[in-house]
Every structure is written in structure tokens, then in C-alpha cells.
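# Observations on chain architecture
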Amino acid sequence: MPAPLAYTPQIEAETAHLYKKVERVIPPIEWPVFAPQVAAINKLKAEKNAIILAHNYQTPEIFHCVSDIVGDSLALARKGAEVDADIIVMAGVHFMAETTKLLNPEKIVLIPDLDAGCSLATSITGADVRAMRKKHPGAPVVSYVNTTAEVKAETDICCTSGNAVEVVESLGVDKVIFLPDEYLAMHVAKQTGVEIIPWQGHCEVHERFTGDEIRAYRQDFEGLQVIAHPECPPDVLDAADYVGSTKGMADFVSEKQPKRVLMVTECSMSDNISTANPNVEFVRPCNLCPHMKRITLDNILSSLQTLQPRVEIDPQIADRARLSVERMIAIGGK
Ligand code: 13P
Ligand code: SF4
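Numbers given to residues run from 1 along each chain, matching the order in which its sequence is written. To read the labels, note that chains go from A and ligands from 1, taken in the order they are written. Under the rules for a predicted model, residues below a pLDDT of 70 receive no local features and side-chain atom pairs below 80 are neither given nor counted, while totals for whole chains, interfaces and linings still include all residues. Working from all heavy atoms in the structure, the side-chain values ignore hydrogens and water.

### Some thoughts on the environment of F252
Put simply, DSSP marks the helices as runs of H or I at least four residues long and the strands as runs of E at least two long, and each gets a number from the N terminus on. Note that F252 resides in helix α12 (residues 246-256). With a 1.4 Å probe rolled over the protein chains alone, any residue whose accessible area is under 20% of its type maximum counts as buried; one over 50% counts as exposed, and the rest are partly exposed. Classification of F252 by relative accessible area gives buried; the value is 9%. Taking the C-alpha atoms as reference points, F252 and I227, separated by 25 residues in sequence, lie 8.4 Å from one another. Only heavy atoms enter the contact rule, under which two residues are in contact if any of them lie within 4.5 Å. When near neighbours in sequence (up to four residues on either side) are disregarded, F252 contacts Q225, I227, Y242, Q257 and P258.

Have a look at this one:
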């Protein structure tokens, strides 16, 4: 049994520069709980030549204090394919770790909790995709990266919310099968004019927002800018000032510096972005992704200590799934 971690003066000094990054969102009384684990994780990463990729929805102590690469799904896929480390820890959900493993088959890829899933990824199987192809012969299949490797293996090209329009336009066809997110599919159809055959998958976090809720916030907060993720229902997107991926949303805030902003997405996003935008007031509707929140400093530390749980993909599936991700990466992206 390793010795329990304690908040010593040495740990306090070692982590002081990291606390500076999160002091706006983590009260001083909470830091002694996080700091010993933050120090232990950063030490182990150096010893084992490991890096941590973190999605924008991770909590601030993970996002700002132990991660090496942060971003949206597209950035994590792209930058995760170029790393030099022997071990990659995904502080995100399972489909993100699978994408990383597809692009780094020789590396050890860890996901601190194997149950960190996604309602979109579980909404569809490889057999469902084969049935759709049969029903719509000749239509290419574009899959959101929020899918399992098994579904990616049945896919022509993947996309993320950051490049879905660009990917669909790159195909130069009139009709595509786009799955599994129905609302993203509708958004892409509107932006491109391409006929989209959707699947009825939804994100359990974003589908809970409503247009009425957005309008009520506008009434309560004068001068509010509303920025929404395209996984939200169409009435929410219609009520928003800007629609984009989590990176698009972060860029909107840092470039436009709105006085007040409502980020219609997962709760931790506002916390993570607020640290670099002290003059922006964040109105926080708090919809948590229960899957993203399965990742903690505790289980990141444990996965680095044990090098478990690992993400493994059946090689026959992996070879076909990798192609659909590589095709996406090859067409560029914002
Ligand atoms: P982004 O690619 O925009 O980060 O979205 C991923 C996701 O899971 C949103 O719910
Ligand atoms: Fe999946 Fe929604 Fe959670 Fe993103 S926020 S990981 S789409 S359940």
C-alpha cells in the first residue's frame, strides 16, 4: 500500500504555480485536497514518459494542473497522433481513448475508468450501420467520432463537431448517411444543403437544453451572448448567437470578449475557460456529463501506477476503423 498523500509545505511550494492557474475556480480551502495528487501524477508522468490528454469538459484541477494537451475531440485526435510519449492517459471518455489507440497502436493508452461512456456512442452498433447502407445504397457513411471503433470500422469517414460541415462538403455528393447525432446531422444539413440521412442518437447532456430556457436567460441577463454546441436540439441552436464545437466556443469567448456569456454545453467548460477570461461574466447552467465526471485525479493516479485499465481494440476492427479516422485527419480541419 503506498503511503497516504499529504499536503506538506514541500507539496504546497511545488504546486503553487499550478494553483495560480485555477485560483479563480478552486477555493484555497479545497487545494490541499487536490495538490498532493496533482504532484504525484506529474512526478509519475515524468518517470514513465507518459502524457495526459484532457477534453474541455474535464474538471479544472485535471484540465489545468495535470494535462499536457487539452482541447476538443478534433484537437485531441490530431495532437494525440503526434505525441512522443510511451504512455497516453485519456482524461475524457472511452470513444476518445479508442480514437487515440487507433492512431497510436503501439503505445499504451489508458482510460482511468472504462465505464466513461457516451450516450451517442451506445446509440448505434456496426450492424445498424450495415443495415442503413443496405437501405440507402451508394450513400457514403459519415460518423461522428462519438462512436465505437466497431461503428468506425463500418464508416467511410469520421468527423467531429469542429469539422462536420467541412467533411460532408469534402465528399462532393448530394446525399450522405450521417450518424449517430440527429441534431448535429440537422445542423450540418442546414449548413451544407446536402441531403442527410440521420440516426436518432442524442447526447444526454445537450438534449436537455430548451429554446425556452435560453430565452428566459436572455430576459434575466441583459446583453447576454448565447453560444451553443451543435449537439443541442434545433430550437436551442436557433436561439443561439453562435454554434460551434467546444474549441469554437472557447475561441469565440477569447476573441470576442463578451461582457456576459451563456455556454450551452457541459458545465466544466465555463470554469475552464473563465480562468483565461477574467473580464467575461459566465452565466452557468450546470448540465454535467456523468461519463466525463467519472475521470478523477484519484483514478488518473491509479491508472499511471498500475498502467491499467488499457484500451485494446480487436486488430481486425482497428485496421478498418483507423482508415475512417485517418481520412478525417487528412482533409484538414479548423
Ligand atoms: P467537441 O468535439 O466539440 O469537444 O465535443 C465532444 C463532445 O463529446 C461534446 O459533447
Ligand atoms: Fe457523450 Fe454528451 Fe457526454 Fe459528450 S457530453 S461525452 S456527447 S454524453
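### Considerations on the pairing of strand β3 (residues 87-91)
Walk down a regular strand and you will see the side chains alternate between the two sheet faces. Burial analysis of β3 places five of its five residues in the buried class, which makes it a mostly covered element. With burial as the criterion, each face of β3 is covered, one bearing I87, V89 and A91 and the other bearing I88 and M90. Between any two strands, at least two bridges found by DSSP are needed for them to pair. The sheet contact formed by strand β1 (residues 50-55) and β3 spans five bridges and is parallel. Bridging from a neighbouring strand, I52 pairs with V89 of β3. Sheet topology note: the β3/strand β4 (residues 108-110) ladder contains three bridges and is parallel. By the bridge assignment for β4, I87 is matched with I108. If you view a crossover with the strands going away from you and the path from the first strand over the helix to the second runs clockwise, you call it right-handed. In the classification by handedness, the crossover that spans β3, the intervening helix α5 (residues 94-103) and the parallel β4 is right-handed.

### A short note on the site of ligand 1
If even one non-hydrogen atom of a residue comes within 4 Å of a molecule or strand, that residue is called near it. Near ligand 1 the following residues occur: H55, Y57, D72, S73, N146, S161, H206, H229, E231, S245 and T246. Residues adjacent in sequence count toward polar contacts only when both atoms are side-chain atoms; beyond that, a polar contact is any pair of N or O atoms within 3.5 Å, and within protein one must be able to donate a hydrogen and the other to accept it. N146 places a side-chain nitrogen or oxygen 3.3 Å from an oxygen atom of ligand 1. One nitrogen or oxygen atom from the side chain of E231 is found 2.8 Å from an oxygen atom belonging to ligand 1. Working definition of accessibility: Shrake-Rupley area with a 1.4 Å probe, residue cover restricted to the visible protein chains. When ligand 1 sits alone it has 300 Å² of accessible area, and the protein chains cover 96% of it. The nonpolar class holds Ala, Val, Leu, Ile, Met, Phe, Trp, Tyr, Cys and Pro. Asp, Glu, Lys and Arg form the charged class, and all remaining residues, Gly among them, are polar. Looking at the shell around ligand 1, its residues break down into one nonpolar, eight polar and two charged.

### With respect to the site of ligand 2
In the region of ligand 2, the neighbouring residues are Y57, V93, C118, S119, L120, N146, C203, V205, E231, C289 and H291. With respect to the pocket detection grid, ligand 2 is positioned in the largest cavity. Put plainly, a pocket is an open set of points on a 1 Å grid over the protein atoms alone with protein on both sides within 12 Å along at least five of seven lines, a cavity is a set where a 1.4 Å probe fits but cannot get out, and a lining residue has an atom within 4 Å of a point. Each molecule is assigned to a cavity or pocket provided more than half of its atoms lie within 2 Å of the corresponding grid points.

### Describing the sheet that holds strand β6 (residues 157-159)
Across the sheet, which stays open at both edges, the four strands sit in the order β6-β5-β7-β8 with parallel pairing between neighbours. Each edge of the sheet is formed by a strand with only one pairing partner; in this case those strands are β6 and β8 (195-198). Taken pair by pair, the neighbouring strands of this sheet meet at an average axis angle of 30°, ignoring direction. Looking at chain direction, strand β5 (residues 141-144) and strand β7 (residues 175-179) are connected through three bridges and run parallel. Bridging from a neighbouring strand, V142 pairs with F178 of β7. In this analysis an axis means a line fitted to C-alpha atoms, helices contributing only their contacting stretch, and an angle means the value between N-to-C directions, from 0 to 180 degrees. Along the sheet face, helix α9 (residues 182-192) touches β5, β7 and β8 and points at about 175° away from the line of β8.

### Here we look at the sheet that holds β3
On the basis of which strands lie adjacent, the open sheet formed by four strands has the order β2-β1-β3-β4 and parallel pairing. Across the chains shown, the open sheet's two edge strands, defined by having one partner strand only, are β2 (69-71) and β4. Across the sheet, the mean angle from the axis of one strand to that of its neighbour is 20°, orientation sign disregarded. Relative to β2, β1 runs parallel, the two being bridged by three bridges. Residue pairing in the sheet places L53 in a bridge with I69 of β2.

### What to know about the nonpolar core
By nonpolar core is meant a set of buried Ala, Val, Leu, Ile, Met, Phe, Trp, Tyr and Cys residues that side-chain atoms within 4.5 Å join together. If you look at the biggest cluster of nonpolar residues, it comprises 90 residues, and the most contacted ones within it are W31, F178 and M263. No other element matches the eight residues that helix α2 (residues 31-48) contributes to this core. With residues near it in sequence (within four places) discarded, W31 still touches Y7, T15, L18, Y19, V22, I26, V38 and C65. With 14 residues, the next largest nonpolar core counts V226, L237, A239 and V283 among its residues.

### Description of the side chain of S245
Residue placement: S245 occurs in the loop between β10 (242-243) and α12. S245 gets classed as buried once you look at its relative accessible area, which sits at 7%. When sequence neighbours within four positions are dropped, the list of residues in contact with S245 reads D72, S161, G162, H229 and P230.

### Focus: the environment of V264
Relative to the helices and strands, V264 resides in strand β11 (residues 260-264). Among the residues examined, V264 registers a relative accessible area of 1% and is labelled buried. Taking the C-alpha atoms as reference points, V264 and V205, separated by 59 residues in sequence, lie 10.0 Å from one another. Not counting chain neighbours up to four residues away, the residues in contact with V264 comprise H206, F209, I214, V226, I227, A228, H229, C232, V236 and M249.

### A few points about empty space enclosed by the protein
Regions of empty space are outlined by a rolling probe, equal in size to a water molecule, passed over the atoms. Grid points are joined across faces, edges and corners, and a volume is the space filled by probe spheres set on the points. For the coordinates displayed, the defined rule picks out two cavities of 30 Å³ or more. Taken as a whole, the largest cavity encloses approximately 230 Å³ of empty space. Contributing to the lining of the largest cavity are 27 residues, with Y57, F95, N146, E231 and M292 lying nearest its centre. Breaking the lining of the largest cavity down by element, the ones donating at least two residues are α4 (73-80) and α5. A per-class count over the lining of the largest cavity returns 11 nonpolar, 13 polar and three charged. Estimated volume of the second largest cavity: approximately 60 Å³. The wall of the second largest cavity is formed by S73, L76, A77, M90, F95, M96, T99, T100 and V145. Going through the elements one at a time, α4 and α5 are the ones with two or more residues in the lining of the second largest cavity. At four residues, the largest contribution of residues to the lining of the second largest cavity is made by α5. Per-class residue counts for the lining of the second largest cavity are six nonpolar, three polar and no charged.

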